[in-house]
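In case you want the letters, here they are:
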Amino acid sequence: MPDAIAYGGDWNPEQWPEETWGQDVALMREAGVNRVSVGIFSWSLLEPAEGVFDFAALDRAMDLLAANGIKANLATPTASPPPWFGDAYPHALPVDADGRRLAHGSRQGFCPSSPIYREKALRIAEQVGLRYRDHPALAMWHIHNEYGCHNARCYCDTSAAAFRAWLRSHYATLDALNEAWGTAFWSQRYGEWAQILPPRATPSLPNPGQQLDFRRFSSDALVELYIAERDLLKQLAPDVPATTNLMAGAHWDMDCWAFAAEMDVVSTDHYLIGARPEPHIDLAFAADYARSLNGGRPWLLMEHSTSAVNWQPRNRAKAPGELRRNSMSHLARGADGIMFFQWRASRAGAEKWHSAMLPHAGTNTKIWREVTALGAELAGLAGVAGSTVHADVAILVDHSSVWAQDHPAQPSSEMDPVEEAKRWHAALWRAGITCDLAHPEGDLTGYRLVLVPALYLVSDSGAANLAAFVRRGGVALVGPYSGIVDEHDRVRLGGYPGAWRDLLGVTVEEFFPLDGPIELASGWSGSVWSEVAHATGAKVLDTYVTGEPAWTRNEWGDGFAHYLTTRLDDGALAEVLAAVTAEAGASPAAEAPAGVEVVRRSHADGRSYLFAINHTGEDAVVTPRGGGPVTVAAGDVRVIPA
Ligand code: GAL
């Protein structure tokens, strides 16, 4: 069991003259930093020319950390091949859907299917592994960095060949592929494997099955690269944990479930999106996702920001106290490590306007004071490490479904599955109810309520999984345009939603996308979407004013399955969620006023911590279940042990 919360950030000593390093570690100690990520973008330093290695500087940096009792997530530097790589192997640079080959000079400049990239990446990873596997500063391997952040899909000829190999291993015969992709439509039938291409720019709409499989293939290609590096490092150092930082909740190109299954501990990065009205709720979604990806066990926040980032149109600096509230939300939701990009703000380079733990202006700053205060506070919360978060509610999310719905020809382009999942999650956040995210085929035992806000695509086994959950006594709430297609994006016939008609006791004959609000008999309203549905067994709980069902509830085995045929407005959604959470017996961690986040972390022996985070400008009173009222001052955080 860990005895401390990891605290720190990316330390990039290669950006600075060595005289700075001593000051770095002294300030790290002052700030309570016990963990840094090192070497992420150091390939061109470690291998300045092909096959020429120089580890002297990294040796000194690692030794300095060890001497100061600071541990390292040591990276393999494979996220940024040096210029010599692009220069020597231009065919290994990525190509976009329009056929443009991208140049080196940024980062992630490689085709994920390139054999030469893989060879060079494994060689430098091996060198790092051999050299540092027994180093006293080593805590874990940080493999690569944010796989697929910039090169998630490559459309070059090498990728095309790898895509065909992937398709062969999945379909075995061309007949099966033609059937799955529906290639009879628009005369797309393939007569030879060699005719199949990545979905490059075409005159009109791409084939949906081709597009979906290409997304799956592209994600798998990156997972394979991760596995190759991990296996190599595991051979060299079987006991050193391995991770890579996901972008859970923010970036949907890589299948997080597939990556997570290969990690010793899930780590992720999260950045506030300034344009969101309540970015701290988006943060909670990402944190809940990371915890769920790690099977409920404590996870690591590998990166977030102390203040502004540099990649949004307007980069808002954090208000006083926001850094602490953000960090404590991650901690509350199961993180055992709170880390930042990056330790010292860069003087030059593409991210020089990104905030850091140590800002350009130095230590007499709001950021530095908050960074050191947080370090001290986390040291005092060491007892939280290893505790877990229990959730009665799960929201189903699946990357394949998001990818399939991304095809441009949809009944309404306004049905956004990610935003809908986040909107339902936000409604629960406001109700103080902690929820997990779950894969449709994942283990649903242990939940009382399963929400399906927007799962356009579901496999047969995913469909059966939800039905079995309800049969055993669970409660489900399914949103519109869910359970519509099979795993190849082919319509499930006979009335929508084909996957769950029986479970829901409803059949839908036609979709009616909306360009304005729609009124319900209850007085609630919906928007974007409506359906002509018929109850075939379900009880109708609400209708449109025209009389067709808008909200239904079906008894199924020992449980209940609810269905919504419109995208309910926020207020109505909150009321429906209140009804189903009450029906399922899911309750909040504490009574708290609006804008106050409450989450409980517990140890197996019963010790627990209630986190109460006041995101408002008013003092608030929080009442834990079975406890007395506690005041949480405006903008403050209280951690209440029990
Ligand atoms: C992450 C990345 C970091 C840094 C950061 C800036 O995506 O891993 O290297 O670029 O964003 O916000």
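Just above, that's the structure.
Residues numbered from 1 in each chain as written. Predicted model: local features only at pLDDT ≥ 70, side-chain atom pairs only at ≥ 80, totals over all residues. Heavy atoms only, no water.

Chemist: Lay out the packing of helix H6 (residues 157-171) against helix H7 (residues 174-181) in plain terms, naming residues and giving numbers.
Modeler: Contact geometry for H6 and H7: axes closest at 9 Å, N-to-C directions at 95°. Classified by the interaxial angle, the pair formed by H6 and H7 is roughly perpendicular. Mapping the contact onto sequence places Phe163, Leu167 and Tyr171 in H6 and Ala176, Leu177, Ala180 and Trp181 in H7. The residue makeup of the contact of H6 with H7, split by class, is seven nonpolar, no polar and no charged. (Axes fitted to C-alpha atoms, helices over the stretch in contact; angles between N-to-C directions. Helix = DSSP H or I, 4+ residues; strand = E, 2+ residues; numbered from the N terminus. Parallel < 35°, antiparallel > 145°, perpendicular 65-115°, else oblique. Contact = heavy atoms within 4.5 Å. Nonpolar A, V, L, I, M, F, W, Y, C, P; charged D, E, K, R; others polar.)

Chemist: Can you lay out the site of the ligand for me, pointing to particular residues and giving the numbers?
Modeler: Phe41, Arg107, Asn145, Glu146, Asp269, Tyr271, Glu303, Trp311, Phe341, Glu351 and His354 make up every residue found near the ligand. Contact distances for the ligand include 2.8 Å between an oxygen atom and a side-chain N or O atom of Asn145. Glu146 is positioned such that a nitrogen or oxygen atom in its side chain is 2.3 Å from an oxygen atom of the ligand. The fraction of the free accessible surface of the ligand (310 Å²) that becomes covered by protein chains is 95%. (Near = heavy atom within 4 Å. Polar contact = N/O pair within 3.5 Å; in protein donor to acceptor, adjacent residues only side chain to side chain. Areas by Shrake-Rupley, 256 points an atom, 1.4 Å probe, with all protein chains shown as cover.)

Chemist: Can you explain the sheet that holds strand E21 (residues 567-568)? Please cite residues and give values.
Modeler: Ordered by their spatial adjacency, three strands build an open sheet running E15-E16-E21, and the pairing between neighbours is antiparallel. Whereas interior strands pair on both sides, the edge strands pair on one side only; in this sheet they are strand E15 (518-519) and E21. Relative to E21, strand E16 (residues 525-527) runs antiparallel, the two sharing two bridges. The partner of Gly526 across the bridge, within E21, is Leu568. (Pairing = 2+ DSSP bridges.)

Chemist: Which residues make up the pairing of strand E13 (residues 475-478), and what values do they have?
Modeler: The alternating pattern of E13 places Val475 and Leu477 on one face and Ala476 and Val478 on the opposite face, and all of these are buried. Where strand E12 (residues 449-452) and E13 come together, four bridges link them in parallel fashion. In the sheet register, Leu449 faces E13, and the bridge partner there is Val475. Since E12 and E13 lie parallel, the crossover through helix H15 (residues 460-471) that links them has a hand, and here it is right-handed. Alignment of E13 against strand E20 (residues 559-564), held across four bridges, turns out to be parallel. Counted as the bridge partner of Val475 is Phe560 from E20. (Buried < 20%, exposed > 50% of the residue type's maximum accessible area, 1.4 Å probe, protein only. Right-handed = clockwise from strand over helix to strand, strands pointing away.)

These results come straight from atomic positions and should not be treated as a statement about function.
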